[in-house]
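Letter by letter, the chains look like this.
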Amino acid sequence: QGGIAVSMDNAHDSPELHFKDTLKAGAGLCDAESVWILVNEAASNIKTLFKYGVNFDMKNKSEPTLSREAAHSTNRIIHAGDTTGKEVCDKLTAVAYTRNNIMIKERTLAVDLVTVDDEVKAIIGYDEDKHTYKAYISTIVICATGGYGYLYKSTTNPNVSTGDGASMAYRAGAKLMDLEFVQFHPTVLYHKDNKSFLISEAVRGEGALLRNINGETFMENYHEQRELAPRDIVSRAIFAEMKKTNSDHVFVDVTSKDPEYFKNRFPNIYKTCMSYGIDFTKEFIPVAPAQHYCMGGIHTDIYGRTNIKGLYACGESACNGIHGANRLASNSLLEGLVFGRKIGDEVTMLLEEQGGKSQDANDVPDIKYVNGRIEKDVDSAKMIEEIREAMTDFVGIIRTGEGLSEALHKVEAIRDYVSDCKLKCHLDFELANMSTLAVLVIKSCIERTESRGGHYRSDYPETLEVWRHNIIV
């Protein structure tokens, strides 16, 4: 909804300034090399999107409109209305469909990696229509499966964000990093029929105010940047106000702003709010924090390489240290573009060295896929909801050692129950992946006895220099 952060290197901005803003938001855990690449290769990737026909909002024929979001020191968010992600995906997908060397397999779930001596040899796919398995032979596999936001009941993520890529990589021996750092977006629509629709940070960037249930502004009591403070701070401030006023939501207020401008700037948000009877030009939008983004994922270097030869990861499934403990707004689409492209360049070079083929099929041993030994009832839908409830109740915006221990006990019991079961459908596979990953997230939260960025423990509220390092599992 917000857009893509990019320094156009004009009089008001530079890659150096974008670099500083990203490091500051990351609360001391950003990898400086990764961030430097991100901000310096941003503009060239945006030019590529223009070439593919992405329709960004333009100030004039040559200059895109730039907006501002929290923790940015200047306007640098390039956007296509309030559906930038969809516009980018639609255009790139359309290009992919024109390429003869790309085959897209719908309704096919990646289940497991096949490795020999820590090298990728194939990936197992499950055909959801035929209920059959197939080995796709390749020495190069790129994981772009997104994050693990569906571990939580209140999330802006779709129900496919079940952490399958990270879990699959972990089973194959890949390292995961920063799993405890989960970002909660401060302003998600709070309506009985919809608690997952994002009210973009760009709305506050355009001057919207936050008000508590009594109609009072409150961000001035929590941070000097008020509504444009880093996301973790705004989320905790809203949480505190909700607790103080005994309410389950606060409000976003744009009623004093130009109504026509806001309707044109945020057409999708306006349309969605109106569908629930909320005219944001005349009344406040009820909102509450919800899980939004995962800083952690499969540990990679700046080329997307993991510790398993041939396995790459990019986007939210990956973790190369760009976001540190708290992602700067609108750096996520940029990360996918910059490091997805770097992987593409790297793999192209490898394929050219191999004569254009990724694998000699004779190198792969015979595969018979067995996913479990025991036939017993597994109510996957019920168990998935139990995981999501435990994560929401105890591994949310504010955590405690006692609550984390309780969550671990509940989720480990589910993981252990399904560990030897025969998995029969996509929900079963997602349950296995979610229970595996949830345990790892909780254990990382327990291990980090401090508060930093998206990880806040009320029993360890200080940020400690001794914890200025990553947890790798």
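Heads up: the structure comes first, above all this text.
This structure is a prediction, so every number in the text was calculated from the model and none was measured.

A. Here's a closer look at the layout of surface pockets. As a volume, the second largest pocket reaches approximately 380 Å³. Residue assignment for the lining of the second largest pocket shows that the elements contributing at least two residues are β9 (182-189), α7 (231-244), β12 (285-294) and α11 (380-394). Broken down by element, the residue count for the lining of the second largest pocket peaks at 4 residues, all from β12. A per-class count over the lining of the second largest pocket returns 12 nonpolar, 4 polar and 3 charged.

B. View of unusual backbone geometry. Despite not being glycine, alanine 27 has its phi angle at roughly 55°, a positive value. Within the element layout of this structure, alanine 27 appears in the loop between α1 (15-25) and α2 (32-40). Here alanine 27 falls in the partly exposed class, since its relative accessible area comes to 26%. For arginine 107, which is not a glycine, the phi torsion comes out positive at approximately 50°. Structurally, arginine 107 can be placed in the loop between α4 (84-97) and β4 (108-116). Residue class for arginine 107 comes out partly exposed when judged on its relative accessible area of 45%.

C. Focus on a nonpolar patch on the surface. Together, Tyr97, Ile102 and Ile104 give the surface a local cluster of nonpolar side chains, amounting to about 290 Å² of exposed area. Relative to the elements of secondary structure, isoleucine 102 occurs in the loop between α4 and β4. Isoleucine 102 gets classed as partly exposed once you look at its relative accessible area, which sits at 39%.

D. Structural detail: empty space enclosed by the protein. One pass over the full model with this rule turns up 3 cavities of 30 Å³ or more. Approximately 70 Å³ is the volume attributed to the largest cavity. What lines the largest cavity is a set of 13 residues, and nearest its centre among them are Val182, Phe184, Asp232, Arg236 and Gly454. Sorting the residues of the lining of the largest cavity by element identifies β9 and α7 as the ones contributing at least two each.

E. A look at the sheet that holds strand β8 (residues 176-177). Within the open sheet, the 3 strands sit side by side as β8-β13-β15. Their pairing is mixed. The open sheet is flanked by β8 and β15 (318-319), the only strands paired with a single partner. For β8 and strand β13 (residues 297-299), the ladder comprises 2 bridges, and the chain directions are antiparallel. Along β13, the bridge assignment pairs methionine 177 with glycine 297.

What counts, and where the lines are drawn
Residue numbers run consecutively from 1 along every chain, following the written order of its sequence. Thresholds applied to this predicted model are a pLDDT of at least 70 for local features of residues and 80 or more for the giving and counting of side-chain atom pairs; totals over whole chains, interfaces and linings are not thresholded and use all residues. Hydrogens and water molecules were not included; the side-chain quantities draw on all heavy atoms of the structure. Cavities and pockets were defined on a 1 Å grid built over protein atoms only: a cavity is a set of grid points that admits a 1.4 Å probe from which the probe cannot escape, a pocket is an open set flanked by protein on both sides within 12 Å along at least five of seven lines, and lining residues are those with an atom within 4 Å of any such point. Grid points are joined across faces, edges and corners, and a volume is the space filled by probe spheres set on the points. Note on conventions: DSSP H or I runs of at least 4 residues are helices, E runs of at least 2 residues are strands, and numbering of each starts at the N terminus. Side-chain classes are defined by residue name, with Ala, Val, Leu, Ile, Met, Phe, Trp, Tyr, Cys and Pro counting as nonpolar, Asp, Glu, Lys and Arg as charged, and the others, Gly among them, as polar. Burial classes: relative accessible area under 20% of the type maximum marks a residue as buried, over 50% as exposed, and values in between as partly exposed (1.4 Å probe, protein chains only). Each patch is built from residues lacking any salt bridge and having more than 30% relative accessible area; the joining distance is 9 Å for like charges and 5 Å for nonpolar side chains (Val, Leu, Ile, Met, Phe, Trp, Tyr). All accessibility values rest on the Shrake-Rupley procedure with a 1.4 Å probe; residue burial counts only the protein chains present in the view. Any Lys or Arg side-chain nitrogen located within 4 Å of an Asp or Glu carboxyl oxygen qualifies as a salt bridge. DSSP-based pairing: two strands are paired if at least 2 bridges between them are found.

Distances and angles like these do not, on their own, reveal function.
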